[in-house]
Amino acid sequence: MSPVPPVVSDSRCVKLPRVSSPPDQLGFSFRPPERRVWKVRELVAAVRTHIEQEYSDAWIEGEISNFRAPESGHLYFTLKDGDSQIRVVMFRSSARLLRFRPADGLQVVVRGRVTIYEDRGELQISAEYIEPKGAGSLQLAFEQLKAKLEAEGLFDAARKKPIPSLPSRIGVITSAQGAALRDILNILHRRHRSVNVLIFPAQVQGDAAFHEVASGVRFFNQHDNVDVIIIARGGGSAEDLASFNNEALARNVAASEIPVISAIGHETDFTIIDFVADLRAPTPSAAAELVIRSRQEIEDCSTALHDRLTRAMRYRLLMGRQALTELSQHGAFARMMELIRQRQQKLDDLTHRMELAERNLIERSRRRWETISSAVRHYDLRLVLSGMRRELESRTTSLAAVMRNVLLQHRVRSERFETALRSLSPLAILDRGYALIFDSQGKLLKDSAAVNSGDEISARLANGQIDATVTRKQS
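The sections below set out a description of the structure shown in this document.

Reading guide: rules and limits
- Residues numbered from 1 in each chain as written.
- Predicted model: local features only at pLDDT ≥ 70, side-chain atom pairs only at ≥ 80, totals over all residues.
- Heavy atoms only, no water.
- Helix = DSSP H or I, 4+ residues; strand = E, 2+ residues; numbered from the N terminus.
- Buried < 20%, exposed > 50% of the residue type's maximum accessible area, 1.4 Å probe, protein only.
- Contact = heavy atoms within 4.5 Å.
- Areas by Shrake-Rupley, 256 points an atom, 1.4 Å probe, with all protein chains shown as cover.
- Pairing = 2+ DSSP bridges.
- Axes fitted to C-alpha atoms, helices over the stretch in contact; angles between N-to-C directions.
- Polar contact = N/O pair within 3.5 Å; in protein donor to acceptor, adjacent residues only side chain to side chain.
- Parallel < 35°, antiparallel > 145°, perpendicular 65-115°, else oblique.
- Left-handed = near helix turned anticlockwise from the far one by under 90°.
- Nonpolar A, V, L, I, M, F, W, Y, C, P; charged D, E, K, R; others polar.
- Expected span 1.5 Å × (residues − 1).
- Arc of directions from axis to C-beta.

1. What to know about the overall build of the protein
Next up, step 1: Counting its secondary structure elements, the protein contains 12 helices and 13 strands.
Next up, step 2: Looking at the protein as a whole, 29% of its 475 residues qualify as buried.
Next up, step 3: Taking the intrachain contacts of the protein between residues at least 6 apart in sequence as the baseline, contacts between residues at least 24 apart amount to 64%.
Next up, step 4: Accessible surface, the protein: about 33400 Å² in total, of which carbon and sulfur atoms supply 54%.

Following this line, the structure appears as structure tokens:
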């Protein structure tokens, strides 16, 4: 061991500050850390704010499980990867923009914001965009919707309506500036002279296209002013034709009372409308060929279009959308929407729990009913009633026999009393020749001193009564 160095004294003196705790062996003083107590909600909110700032835009890949889509329009599911998982919520404003339907077992990539659901303190992702891995979203959405509508029978040939051979009025739903309309009009003009064409101008590409095409189908059905409807659009990519793979539009076409011909894209292009329509034409020109069987000119087939008004309205809508986007990005509005979404998520959670409780209650009631029903089936009420009836008849017979014996005994006893009474009756003595003498007051006479000569008396005989007057008496 090395020797301890000697202590060197210094004439200078340094004044140290006073501390509350005594110094340790090395001469240092420590102050205990100040304790801070968090409320649960404050801690969760602080962690949530930190996580949202750190992971405000994240891409996550995994497999969907426990998928739920309640009536509120929000989507809930769990994203799994091996033994790890995280909950995901996609609110209605983002879910309605999806081109495919998420399902359990689907491998997807989710883009969104990592946050915390404060009511349960769970880590979750607020998704804004979902895309499937492997097949494209458009193709996946197409296959999902096709399988769904086919299972419902919307593609069956039995429900398709026949196309009239010579329609006098034809409704066309297409873009007013598209080449498809020009091809249709040229062919109709060449093949039929007197046919009337009603054009419903609609967008055939973009997010609003299926709304406008569906409005055209409803318009012609409400006014019943055409014999057949043609939905037409020229060729394009899968993204350009995606509007005609919309479920709402497909159901509108299937519900149409007027026959519908679909003429979408080229001959190799297929959309959902082609399967639900009453007739599919390979191209818009082929649709015009199919709808008219005779060669005549078309009269009055042009429609005046208001391009300037359309452009003005689109400009106003664009400016309004831009203003709305700016307002939606404001911090206060974003926080308010976040609170609303949390309340909506909580409502969906409570609704799900209530549904589970209701199903459990119904299941318990069903099991109880089955138990009672099984017991009732083994309990034959007819046998019980038959046994009770036999027992009642037996007891009735026994009671009748007892009553007859009692009545017979009373009858015999009554006859015996009657015989004894007759034998003791004073009237029976009269049959032997005796008589009962009564005075004028009706009193029985037992002594001759009770009457005088000249009094009226009466004698009761065995048969009848005698009235007499006393002429003489003897004591």
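2. Focus: the sheet that holds strand β12 (residues 456-460)
One key point about sheets: their strands pair by backbone hydrogen bonds, in either a parallel or an antiparallel sense.
Next up, step 1: Read from one edge of the open sheet, 3 strands run β11-β12-β13, paired in antiparallel fashion. Because the sheet does not close on itself, it has two edges, and the strands there are β11 (436-438) and β13 (465-469). Recorded for the sheet is a direction-independent mean angle of 25° between the axes of neighbouring strands.
Next up, step 2: Note: β11 against β12, 3 bridges, orientation antiparallel. The residue of β12 that forms the bridge with Leu436 is Arg460.

3. Focus: the side chain of Gln345
Next up, step 1: Relative to the helices and strands, Gln345 resides in helix α10 (residues 331-378).
Next up, step 2: One polar contact links Gln345 to Gln124, side chain to side chain, over a distance of 2.8 Å.
Next up, step 3: Every residue in contact with Gln345, bar those within four places of it in the chain, is listed here: Tyr76, Val89, Phe91, Tyr117 and Gln124.

4. A word on the packing of helix α4 (residues 179-191) against helix α8 (residues 284-291)
Next up, step 1: For the pair α4 and α8, interaxial distance at closest approach is 8 Å and the crossing angle is 25°. When the axis of α4 is compared with that of α8, the two are roughly parallel. As α4 packs across α8, the resulting crossing turns out to be right-handed. For the pair formed by α4 and α8, the contact residues are Ala180, Asp183, Ile184, Ile187, Leu188, Arg190 and Arg191 on the first element and Pro284, Ser285, Ala288, Glu289 and Val291 on the second.
Next up, step 2: Broken down by class, the residue content of the contact of α4 with α8 amounts to 7 nonpolar, 1 polar and 4 charged.

5. A few points about the pairing of strand β8 (residues 228-233)
Regular strands place their side chains on alternate faces of the sheet.
Next up, step 1: The element β8 is largely enclosed, with a buried count of 6 among its 6 residues.
Next up, step 2: Burial along β8 is two-sided: the face carrying Val228, Ile230 and Ala232 and the face carrying Ile229, Ile231 and Arg233 are both buried.
Next up, step 3: Judged from the 4 bridges that link them, strand β6 (residues 169-174) and β8 form a sheet pairing that is parallel. Counted as the bridge partner of Val172 is Ile230 from β8.
Next up, step 4: As defined by bridge partners, β8 adjoins strand β9 (residues 260-264) across 5 bridges and the pair is classed as parallel. Paired with Ala232 across the bridge in β9 is Ala263.

6. Topic: helix α1 (residues 40-54)
Next up, step 1: Relative to the 21 Å expected for 15 residues at 1.5 Å per residue, α1 spans 21 Å between its end C-alpha atoms, a close match to the ideal helical length.
Next up, step 2: Along α1, the positions that sit buried rather than exposed are Val44, Arg48, Ile51 and Glu52. For α1, the arc enclosing every buried residue in end-on projection is 95°, short of the 170-degree limit, so these residues lie on one face. Across α1 from its buried face, at more than 90 degrees, point the exposed residues His50, Gln53 and Glu54.

7. Topic: the pairing of strand β2 (residues 75-81)
Next up, step 1: Among the 7 residues of β2, 5 are classified as buried, and the element is accordingly described as predominantly covered.
Next up, step 2: The pairing of strand β1 (residues 58-68) with β2 spans 4 bridges and is antiparallel. Looking at the pairing, Ser65 lines up with Thr78 of β2.
Next up, step 3: As consecutive antiparallel partners, β1 and β2 are separated by 6 residues, and within that stretch Gly73 has a phi angle of approximately 95°, a positive value.
Next up, step 4: Between the antiparallel neighbours β2 and strand β3 (residues 84-90) lie 2 residues, among them Gly82 with a positive phi of about 70°.

8. Observations concerning the environment of Phe244
Next up, step 1: Mapping Phe244 onto the fold places it in the loop between β8 and α6 (247-254).
Next up, step 2: Taking the C-alpha atoms as reference points, Phe244 and Ile231, 13 residues apart in sequence, are found 9.8 Å from one another.
Next up, step 3: In this structure, Phe244 is in contact with Val204, Val213, Ile231, Arg233, Leu249, Ile264, Thr271, Ile272 and Ile273, ignoring residues within four places of it in sequence.

By themselves, these are just geometric observations and shouldn't be taken as functional.
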